[in-house]
Amino acid sequence: MTPDEIQRLADRLQELEAENARLKARDGSTARLREAEEALAESEERYRTLFESIDEGFCIIEFFDGPHGPLSDYIHIEANPAYAQHAGIPNVVGQKLREMVPDEADAWVARYGAVLRTGKPIRFEQELVATGRQLELAAFRIEPASRRQVAVLFQDITARKKAEVALQRLNETLEQRVNDAIAERIREQERLRATEEALRQSQKMEAVGQLTGGIAHDFNNLLTGIMGSLELLRTRVRQGRVDDADRYIMAAHSASRRAASLIHRLLAFSRRQPLDPKPTDVNRLVMGMEELLRRTVGPQIAVDVVTAGGLWSTLIDAPQLENALLNLCINARDAMPDGGRITIETANKWLDERAAAERDLPPGQYLSVCVTDTGTGMTPEVMANAFDPFFTTKPMGQGTGLGLSMVYGFVRQSGGQVRIYSELGHGTTMCLYLPRHYGTEADHAAVAVRMEPARAQAGETVMIVDDEPTVRMLVIDVLHDQGYAAVEAKDGPEALRILQSDARIDLLITDVGLPGGMNGRQLADAARVTRPDLKVLFITGYAENAIIGNAQLAPRMQLLTKPFVMEDLASRIRGMIESDD
Ligand code: ADP
Ligand code: MG
């Protein structure tokens, strides 16, 4: 039954009632009266039937002026049988809203009062709190408005609502369960990744162990060279034959340098993090290595270097790239036992979405360094395993299987990628892709400018703190050679006592790892409490860089990495003392 129909029926009922009254008053004719009464009865009958039989709850309410103000309450003047069923309240006719449901009366009056005032029908959902029923309702004004009546059609949708809520809750818990499962998966992956990382690190350490044998051998050779040279030098000096001295000095020097670089490589390899990424000119690096590479691969193999003009810069640890190139060239040499050709080529590469996806990289600008040989090439199986640590096809004692895995590790840590292109019987190209660095090559090398050590001014004093007497001795000799006064201390507390006196100190040179419960950095900080402008030069081994805070040194603090040559130390001291800040 639509609101219109109900309104029509209500109107008709009213008309008939009015007609009835008129007839009664004006005309006593029983026949016409009966006729009218019959018509009324018939109409009423139709209305009743409809009213009684519809499934929806239906009622007519009539507003009156209650104690809460004008039109502040209503009384139920009609209700169908379905009313009780849907609303859960029996015998509603004659009941006043505020008596029936006092707690929620305001809300209902507000809804229906608006309909009465405006004549605008409404459709809404509301809980009948008293019985806990969720109702869906439609209400419209019965005209004329002066009757103060509103008709309400409604049905109980509690079950549907409950189902909706249950469904929603199910959805929520489903989502929660899915989220839980995903979170668990992520944790699992992280555990896996951590395990893998640990494995990789332990493999690396194992490799270091394996390497140590070889390196100890190399090291002994170098030490033999150094000690032998020094011994011969001493003999010559004793005999006064100093013309030969330079030769031995040179030999000892070059052996020491090689020992230092060996240690550097070993440390670089065993460390977790990239050593020291700096903006690097790869063309210059490749050209700088050309001679070394040529010597390494031998005369049977030609080496061509093709560098691209305007090559971009990349942020990498240069010694590791050198190491990688050396490894690639040695592999190329091994693949060409009867000789051949190695081509090293650099290029700028702009990788679009597709090209980048093929290489498992984000799209963008890269530079490539490719090493191509005319050797045996690789089978698909070898290609698939080549980057695995300890994978080698070379006979015992020749291959370690670590070359490519180190190359891979380095390139990935630098945000790049390695790719193999190989054809069995024809040759191999190994390409390293390195991300472009926006910026120029840092001028960190500027400090290395060699200057003739000038003589110190009278009284300039340098303090050296190191627990190793040999280091102290060497540094003091350098200082005296240059005309500085020197003060020495073997640990932090001893040094601090002097620094807290008013002795003249123009520069503090200190080791970082020190005995006595105070490291070099702490010593410098403590000294600066009373001497805020004190210049400090740290001398450190590799592992100690973290204590200093790597590159983040305070003003007037510098760093020199062990081992260093005395010439570097001398110019660094000079530079620091002479500079104004
Ligand atoms: P190693 O050189 O000690 O065997 P690598 O990790 O450097 O270890 O190389 C792994 C393997 O990949 C080599 O044993 C070899 O089979 C293959 N390989 C690497 N580079 C080349 C190349 N340029 N040509 C052919 N095979 C190569
Ligand atoms: Mg190799």
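Residues numbered from 1 in each chain as written. Chains lettered and ligands numbered in written order. Predicted model: local features only at pLDDT ≥ 70, side-chain atom pairs only at ≥ 80, totals over all residues. Heavy atoms only, no water.

### Considerations on the side chain of Ser368
Tracing the sequence through the fold places Ser368 in strand β10 (residues 364-373). Of the residues examined, Ser368 reaches a relative accessible area of 1% and is grouped as buried. A polar contact is formed between the side chain of Ser368 and the side chain of Lys349, at a distance of 3.2 Å. If near-sequence neighbours (up to four positions away) are discounted, Ser368 is found in contact with Glu345, Thr346, Ala347, Lys349, Leu432 and Tyr433. (Helix = DSSP H or I, 4+ residues; strand = E, 2+ residues; numbered from the N terminus. Buried < 20%, exposed > 50% of the residue type's maximum accessible area, 1.4 Å probe, protein only. Polar contact = N/O pair within 3.5 Å; in protein donor to acceptor, adjacent residues only side chain to side chain. Contact = heavy atoms within 4.5 Å.)

### What about the packing of helix α14 (residues 492-499) against helix α15 (residues 520-530)?
In contact at an axis separation of 10 Å, α14 and α15 are set at 15 degrees when each is read in the N-to-C sense. When the axes of α14 and α15 are compared, the pair comes out roughly parallel. Crossing hand, α14 versus α15: right-handed. On the side of α14, the interface is formed by Gly492, Ala495, Leu496 and Leu499, while α15 contributes Leu523, Ala526, Ala527 and Thr530. (Axes fitted to C-alpha atoms, helices over the stretch in contact; angles between N-to-C directions. Parallel < 35°, antiparallel > 145°, perpendicular 65-115°, else oblique. Left-handed = near helix turned anticlockwise from the far one by under 90°.)

### Regarding the site of ligand 1
Taken together, the neighbourhood of ligand 1 is formed by 20 residues, with Thr392, Thr393, Lys394, Gly401 and Leu404 sitting nearest. Here a nitrogen atom of ligand 1 and a side-chain polar atom of Asp373 are 2.8 Å apart. Taking Gly403, its main chain carries an N or O atom lying 3.5 Å from an oxygen atom of ligand 1. Computed on the free molecule, ligand 1 has an accessible area of 530 Å², of which 93% lies beneath the protein chains in the complex. Looking at the shell around ligand 1, the elements that each hand over two or more residues are α9 (318-334) and α12 (403-413). (Near = heavy atom within 4 Å. Areas by Shrake-Rupley, 256 points an atom, 1.4 Å probe, with all protein chains shown as cover.)

### As for the UniProt feature "modified residue: 4-aspartylphosphate" (unreviewed entry) in the protein chain
Mapped onto this numbering, the UniProt entry annotates "modified residue: 4-aspartylphosphate" (unreviewed entry) at Asp511. For Asp511, the location among the structural elements is in strand β15 (residues 507-511). (UniProt positions renumbered as here; feature names shortened; annotations may be inferred.)

### Topic: a nonpolar patch on the surface
A surface patch of nonpolar side chains, about 320 Å² in accessible area, is lined by Leu174, Val178, Ile182 and Ile186. Within the secondary structure layout, Val178 lies in helix α6 (residues 158-239). (Patch = residues over 30% accessible without salt bridge, like charges linked within 9 Å, V, L, I, M, F, W, Y side chains within 5 Å. Salt bridge = Lys/Arg side-chain N within 4 Å of Asp/Glu carboxyl O.)

### Some details on the sheet that holds strand β17 (residues 557-561)
Ordered by their spatial adjacency, five strands build an open sheet running β14-β13-β15-β16-β17, and the pairing between neighbours is parallel. One side of each edge strand has no neighbouring strand; the edge strands of this open sheet are β14 (485-489) and β17. Ignoring strand direction, the axes of neighbouring strands in this sheet form an average angle of 20 degrees. In the sheet, strand β13 (residues 461-465) pairs with β15 via four bridges, with the strands oriented parallel. Bridge pairing in β15 places Val462 opposite Leu507. (Pairing = 2+ DSSP bridges.)

### Some details on the sheet that holds strand β5 (residues 149-156)
The sheet built from five strands is open, its strands ordered β2-β1-β5-β4-β3 with antiparallel pairing. Looking at which strands have only one partner, the edges of the open sheet turn out to be β2 (69-79) and β3 (122-128). Between one strand and the next, the sheet's axes are offset by a mean angle of 35 degrees, whatever the strand orientation. Of the strand pairs in this sheet, β3 and strand β4 (residues 133-142) are connected by seven bridges, and their pairing is antiparallel. When the sheet's bridge partners are listed, Glu125 is paired in β4 with Glu136. Most of the contacts of helix α2 (residues 30-53) go to β2, to which it runs at about 95 degrees, and overall it touches β1 (57-66) and β2. Sitting on the sheet, helix α5 (residues 105-118) is in contact with β1, β2, β3, β4 and β5, with an inclination near 165 degrees to β3.

### Side note on α2
Between the first and last C-alpha of α2 there are 34 Å, a value that for 24 residues agrees with the 34 Å anticipated at 1.5 Å per step. Regarding α2, the residues found buried are Leu33, Ala36, Leu40, Ser43, Tyr47 and Phe51. (Expected span 1.5 Å × (residues − 1).)

### Looking at the environment of Pro515
In this fold, Pro515 is placed in the loop between β15 and α15. A relative accessible area of 38% means that Pro515 is categorised as partly exposed. Each C-alpha atom, one on Pro515 and one on Lys490, is 8.3 Å from the other, the two residues being 25 residues apart in sequence. Every residue in contact with Pro515, bar those within four places of it in the chain, is listed here: Asp467, Lys490, Asp491 and Gly492.

### Let's talk about the environment of Ala458
Mapped onto the secondary structure, Ala458 falls in the loop between β12 (427-437) and β13. Taking the C-alpha atoms as reference points, Ala458 and Tyr484, separated by 26 residues in sequence, lie 7.7 Å from one another.

### Quick notes on the state of the cysteines
Throughout the structure, instances matching the rule amount to one disulfide. A sulfur-sulfur separation of 2.0 Å characterises the disulfide bridge that pairs Cys370 with Cys431. Since a negative S-S torsion denotes a left-handed disulfide, the Cys370-Cys431 link at about 110 degrees is right-handed. Of this pair, Cys370 sits in strand β10 while Cys431 sits in strand β12; the two residues are 61 residues apart in sequence, bridging distant segments of the chain. When sorted by exposure, Cys370 lands in the same class as Cys431, which is buried. (Disulfide = S-S within 2.5 Å.)

### Some remarks on the packing of aromatic side chains
Enumeration over the complete set of coordinates arrives at eight aromatic pairs. Note on Tyr112 and Phe124: the rings are 6.1 Å apart at their centroids and 65 degrees apart in plane angle, and the pair reads as edge-to-face. Residue Tyr112 is found in helix α5, and its partner Phe124 is found in strand β3; the two are separated by twelve residues along the sequence. Here Tyr112 matches Phe124 in class, with each residue buried. Each member of the aromatic cluster is reached from another via a ring pair, and the members are Phe63, Tyr74, Trp108, Tyr112 and Phe124. One cation-aromatic arrangement involves Arg247 over Tyr248; the distance from NZ or CZ to the ring centre is 5.1 Å. (Phe/Tyr/Trp six-rings, centres within 6.5 Å; stacked < 30°, edge-to-face > 60°. Lys NZ or Arg CZ within 6 Å of the ring centre and 35° of its normal.)

### Topic: the pattern of salt bridges
Two side chains carrying opposite charge are able to pair once their charged atoms lie near each other. Scanning all chains against the criterion turns up 23 salt bridges. Glu494 serves as the salt-bridge partner of Lys490, at 2.8 Å between the closest nitrogen and oxygen. Residue Lys490 is classed as partly exposed on the basis of its relative accessible area, which comes to 43%. Note that Arg556 is salt-bridged to Asp533, the shortest N-O span being 3.8 Å. Taken as a pair, Arg556 in the loop between α16 (545-548) and β17 and Asp533 in the loop between α15 and β16 (536-540) lie far apart in primary sequence, 23 residues in all. Under the relative-accessibility criterion, Arg556 is labelled partly exposed at 26%. The network of salt bridges with shared partners includes Glu125, Arg160, Lys161 and Glu164.

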